[in-house]
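Now for the letters of each chain:
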Amino acid sequence: MPRYRTQVAHSLGRREAVERLKVNAEKARELSDLEGSWSGDTFTFAVSVQGLGLKGTLQVEEGALKFDGQLPLVAMPFVGWFPRILNKALESNLNLKTNTAQANRPESESNVCHNARNDTSAPVVLFLHLPKAGGSTLGEFVYNQCCAEEGDEGLIKSGVPFLPYGFIKETDLSVPEYIRPLLRHKNLRAVVGHFWYGIHEHLGAPWTYITLLREPVDRVVSLYHYLKLEGVMSLEEFVSSPPYKEVDNDQTRRIAGVDPEIAECTTATLRAAQENLRRDFSVFGATERLDETLVLLKRKLGWSRDVLSYPKNVNPTRPPTASLSPEVINAVRKRNELDFELWQYATRLLDKAIVAEGRGFQDDLQSYKALQSVSAVS
């Protein structure tokens, strides 16, 4: 595995830095599969993050924290995360139990939870966030609609955990052991994360899925640039020899709840995904039609808060898909033929769902857009 080294400067002094790391490492053990031991001022550890196995050492010096470890090749695009993680690990009184949800909570709406959803008999909303399908925006919307007045507990933030795994899927599609108790929590209102169909099997309450699909070429191109692979491989290489299964019909894989080898998804995989959408998803929308999706969610699930949502994690430097050559677009499309069929299928059913809502849907849509316009001006 490739070796990776980095360091962050600090002004804590060796002793204070070690003490903070020890406290925060113990908190992290409660929320992950972190294993490790101390030898003097050096912490040797192993942990899985986003389905990727990481191991290495943290050496504490008087003015710096140094990481030296081995990462699987597929983890190399994520190395930019490490300095931020190391800085977090040195914070005083770091509350790792709520960090994931807090990072996803909109800063401008820190008090929106009050009286947001009082019907505890409503099904738990399982937001299956397809990577690079615009789901960060929808995740905030789900949180603001479902969060409760009760306080935080572990990874659960006001009844809504943001699961910290799954961008790169677990090899056997298993739900990590430390996540399973969260899914049976008595105060569970919604679950947000990069999981896949099947997580409902671990719940102890009624549930329903929602998701947001994206035109496959746009999604794969966005994934390529998000992983910052421009200097590692070309987009053509990314598609012709995918380093991750997430490049190969991943929307179909996740919604079907299976994960065959690359190039081994079949029409049966697509049919399973379509059946799951029809049977177990209250709403499935499209990234390209986010406003309509949000309004449909409010009507279908009885959500009542007037919460605005705007695009998150948009990469302004990413070249538009239209600038790609026809050969590249065709290569991405061929790699994701099943995803394209699934996206078209979901879009047709979205049209039918909107029609079934009647004239009231269009009234609500116009009201939502008007609210957005007022907010943008103010």
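Residues numbered from 1 in each chain as written. Predicted model: local features only at pLDDT ≥ 70, side-chain atom pairs only at ≥ 80, totals over all residues. Heavy atoms only, no water.

Caption draft 1: The overall build of the chain, seen in detail. Counting its regular elements, the chain contains 12 helices and 11 strands. For the chain, the proportion of its 378 residues judged to be buried stands at 52%. Partitioning the intrachain contacts of the chain with sequence separation of at least 6 by distance along the chain shows that 70% fall at a separation of at least 24. Carbon and sulfur atoms form 50% of the exposed surface of the chain, whose accessible area is close to 17600 Å². (Helix = DSSP H or I, 4+ residues; strand = E, 2+ residues; numbered from the N terminus. Buried < 20%, exposed > 50% of the residue type's maximum accessible area, 1.4 Å probe, protein only. Contact = heavy atoms within 4.5 Å. Areas by Shrake-Rupley, 256 points an atom, 1.4 Å probe, with all protein chains shown as cover.)

Caption draft 2: Seen up close, the pairing of strand β9 (residues 190–193). Side chains of β9 alternate between two faces, with Ala190 and Val192 and Val191 and Gly193 buried alike. Where strand β6 (residues 124–128) lies against β9, 4 bridges are found, and the strand directions are parallel. Counterpart to Phe127 in the pairing with β9 is Val192. (Pairing = 2+ DSSP bridges.)

Caption draft 3: Structural context of the side chain of Lys245. Note that Lys245 resides in the loop between α6 (235–240) and α7 (250–256). Within the structure, Lys245 has its side chain in polar contact with the backbone oxygen of Asp259 (distance 3.1 Å). Apart from the residues within four sequence positions on either side, Lys245 is in contact with Lys169, Asp250, Arg253, Asp259, Pro260, Glu261 and Ile262. (Polar contact = N/O pair within 3.5 Å; in protein donor to acceptor, adjacent residues only side chain to side chain.)

Caption draft 4: Spotlight on the packing of helix α5 (residues 216–226) against helix α10 (residues 326–335). Contact geometry for α5 and α10: axes closest at 9 Å, N-to-C directions at 100°. Relative to α10, α5 is oriented roughly perpendicular. On α10, the residues that touch Pro216, Val217 and Val220 of α5 are Ile329, Val332 and Arg333. In terms of residue class, the contact of α5 with α10 is made up of 5 nonpolar, no polar and 1 charged. (Axes fitted to C-alpha atoms, helices over the stretch in contact; angles between N-to-C directions. Parallel < 35°, antiparallel > 145°, perpendicular 65-115°, else oblique. Nonpolar A, V, L, I, M, F, W, Y, C, P; charged D, E, K, R; others polar.)

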